[in-house]
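Residue-level structural notes
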Amino acid sequence: MLPLTNHTLEKLENLLKAAGYRVRYEKGNFKTGACLLQSSRMIVVNKFSNLESKIQSVMELIRQLEVDPKLLDEKHLAFLHQIKQTELQL
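Residues numbered from 1 in each chain as written. Predicted model: local features only at pLDDT ≥ 70, side-chain atom pairs only at ≥ 80, totals over all residues. Heavy atoms only, no water.

What to know about the packing of aromatic side chains
The cut-off we apply is this: Ring pairs shown here join Phe, Tyr and Trp side chains whose ring centres sit within 6.5 Å, with only the six-membered ring taken for Trp; geometry is labelled stacked below 30 degrees between planes, edge-to-face above 60, and tilted in between. In this scheme, the term charge over a ring applies when either NZ of a lysine or CZ of an arginine sits within 6 Å of the ring centre and within 35 degrees of the ring normal.
All chains considered together, the criterion is met by zero aromatic pairs. Across from the ring centre of Phe79, 4.6 Å away, lies the NZ or CZ of Lys11, which sits over that ring. A cation over a ring is seen here: Arg41 above Tyr21, with NZ or CZ 4.2 Å from the ring centre.

And the structure:
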């Protein structure tokens, strides 16, 4: 399981940026802590969520995304594999 730190959130953001997604922090009525805007490759994270919720929400979205491995370097690929293999333990 990944540590719930700001560094982990930054690593998740960097992975998404490398995959061609933009990450924004906005206020909103989210049922979850983050959402993917259709066809715009933008992920919006609820800025009022706590750190744990932000990380879990972004990780869940990453698990659902079809990321082209050609866009990622070895480090990002390893991190993506780690995320997809890890189930959240609450």
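Some thoughts on helix α2 (residues 51-64)
Applied cut-off: Helix numbers and strand numbers start at the N terminus; a helix is a DSSP run of H or I with at least 4 residues, a strand a run of E with at least 2. To estimate the expected span of a helix, subtract one from its residue number and multiply by 1.5 Å. When accessible area is computed with a 1.4 Å probe and restricted to protein chains, residues below 20% of their type maximum are described as buried, those above 50% as exposed, and intermediate ones as partly exposed. Contacts between residues were defined by any pair of non-hydrogen atoms, one from each residue, lying within 4.5 Å.
When the terminal C-alpha atoms of α2 are compared, their 20 Å separation across 14 residues agrees well with the 20 Å that a helix rising 1.5 Å per residue should span. Of all the positions in α2, only Lys54, Ile55, Gln56, Ser57, Val58, Met59, Leu61, Ile62 and Arg63 are classed as buried. Buried-residue contacts for α2 involve α1 (6-18), β1 (22-26), β2 (34-37), β3 (42-46) and α3 (74-85).

Details of the pairing of β3
The condition that has to hold: Strand pairing is assigned whenever DSSP identifies at least 2 bridges connecting the two strands.
In terms of burial, β3 is largely enclosed, as five of its five residues are buried. Residues Met42, Val44 and Asn46 of β3 are buried on one face, and the alternating residues Ile43 and Val45, pointing to the opposite face, are buried as well. As paired strands, β1 and β3 are joined by five bridges and run parallel to one another. Across the sheet, the residue bridging to Tyr25 is Val45, located in β3.

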